[in-house]
Amino acid sequence: MLSEKQAAAAWFRTLRDEIIAAFEALEDSQRSGPTADRPAGRFEVSETRRASEDGSDAGGGLMSVMRGGRVFEKVGVNVSEVYGRLGEKAQAAMAARGVPGMADDPRFWASGISLVAHMQNPHCPAVHMNTRMFWTPGAWWFGGGSDLNPCIEYADDTAHFHAVQKQHCDRHDPEFYPRFKAWADDYFYIPHRHRARGVGGIFLDDHTSGDWQADFAFIQDVGRAFLPAFLPITEARRDTPWTDADRDAQLVHRGLYAEYNLVYDRGTKFGLETGHDANAVLMSLPPLAKWV
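Residues numbered from 1 in each chain as written. Predicted model: local features only at pLDDT ≥ 70, side-chain atom pairs only at ≥ 80, totals over all residues. Heavy atoms only, no water.

Undergrad: Before we move on, could you go through the pattern of salt bridges and cite the residues and values that matter?
TA: Tallied over the full model, the rule gives 19 salt bridges. With a closest N to O distance of 2.8 Å, R42 and D28 form a salt bridge. Of the two residues, R42 is situated in the loop between α1 (2-29) and β1 (44-51) and D28 in helix α1; the sequence distance between them amounts to 14 residues. The exposure class of D28 is partly exposed, given its relative accessible area of 31%. One salt bridge in this structure joins D205 and R132, with 3.3 Å as the shortest N-O distance. (Salt bridge = Lys/Arg side-chain N within 4 Å of Asp/Glu carboxyl O. Helix = DSSP H or I, 4+ residues; strand = E, 2+ residues; numbered from the N terminus. Buried < 20%, exposed > 50% of the residue type's maximum accessible area, 1.4 Å probe, protein only.)

Quick look at the structure:
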């Protein structure tokens, strides 16, 4: 499994590099609108480290965050590779999901990429994407997906985003898209608000067919779908004039996003419980939000 771990971690880093390059190019190309006179946004990159309870190395990653850009108000693209022993809460959570052997050998390894973008223009939707691989002595699996979170919805944008997800899923199994779309609809639902966080996408977890190469190829395509799904929407909406009412709607929607990530998001809970850098874990939170 060592070579598979290395291959997965290298892929997540490659995808991160491609997305950062595309986002900085988008910043460079923004030549109109109320934010066009500011410098093009650039990512600030910092290394994150994680220590086990005895102080030994437990992995880390790279946190890359752009703030106050022409197109992006805040966007983070993080990669990580962490390992060690799961604590009691995490062991119990894994055992509840059917992972065998947690009580006997709670070692784990995980690597992935996580992205959240909050946009300057309220007509440009916020977006989330992550893909990851998880290993324990008794099991391995992939997870992730992406979902669109507009405060001002456009049917064409939703249709495009989902069509690209479906295209990439269909390369592997025609049953994947409807299954993982339904999973996203369920996962990104906010019970205390009785509504969805956004307009959905795809989500999957604990994905293992027993064929590592096939599953890895699929999770790579989940990652590859992100830029062609998201960039055309942003390019189409980034010059749309906005009003104070539009900005207010955006800030209120960001409050909804923050509530979900702090209360329900599985990745946030896991990152904090396993001692990962809190700033990296909470990178997903918006720079400004509002509650009515």
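Undergrad: Give a detailed account of the packing of helix α3 (residues 155-170) against helix α4 (residues 176-187), specifying residues and quantitative values.
TA: The N-to-C vectors of α3 and α4 enclose an angle of 130°; their axes lie 8 Å apart at closest approach. The orientation of α3 relative to α4 falls into the category oblique. Where α3 abuts α4, its residues H162, Q165, K166, C169 and D170 lie against F176, Y177 and K181. Its residues assigned to classes, the contact of α3 with α4 comprises three nonpolar, two polar and three charged. (Axes fitted to C-alpha atoms, helices over the stretch in contact; angles between N-to-C directions. Parallel < 35°, antiparallel > 145°, perpendicular 65-115°, else oblique. Contact = heavy atoms within 4.5 Å. Nonpolar A, V, L, I, M, F, W, Y, C, P; charged D, E, K, R; others polar.)

Undergrad: An account of the sheet that holds strand β4 (residues 107-119) is requested, with residue identities and associated values reported.
TA: Reading across from one edge, β1-β2-β3-β4-β5-β6-β9 is the order of the seven strands in this open sheet, with antiparallel pairing throughout. At either margin of the open sheet sits one strand with a lone partner, and together these are β1 and β9 (200-207). Strand after strand, the sheet turns through a mean of 10° between neighbouring axes, direction not considered. Pairing analysis gives 13 bridges linking strand β3 (residues 72-85) to β4, with the strands arranged antiparallel. Bridge pairing in β4 places R85 opposite R107. Of the strands in this sheet, β5 (126-136), β6 (139-149) and β9 are in contact with α3, which crosses β9 at around 30°. (Pairing = 2+ DSSP bridges.)

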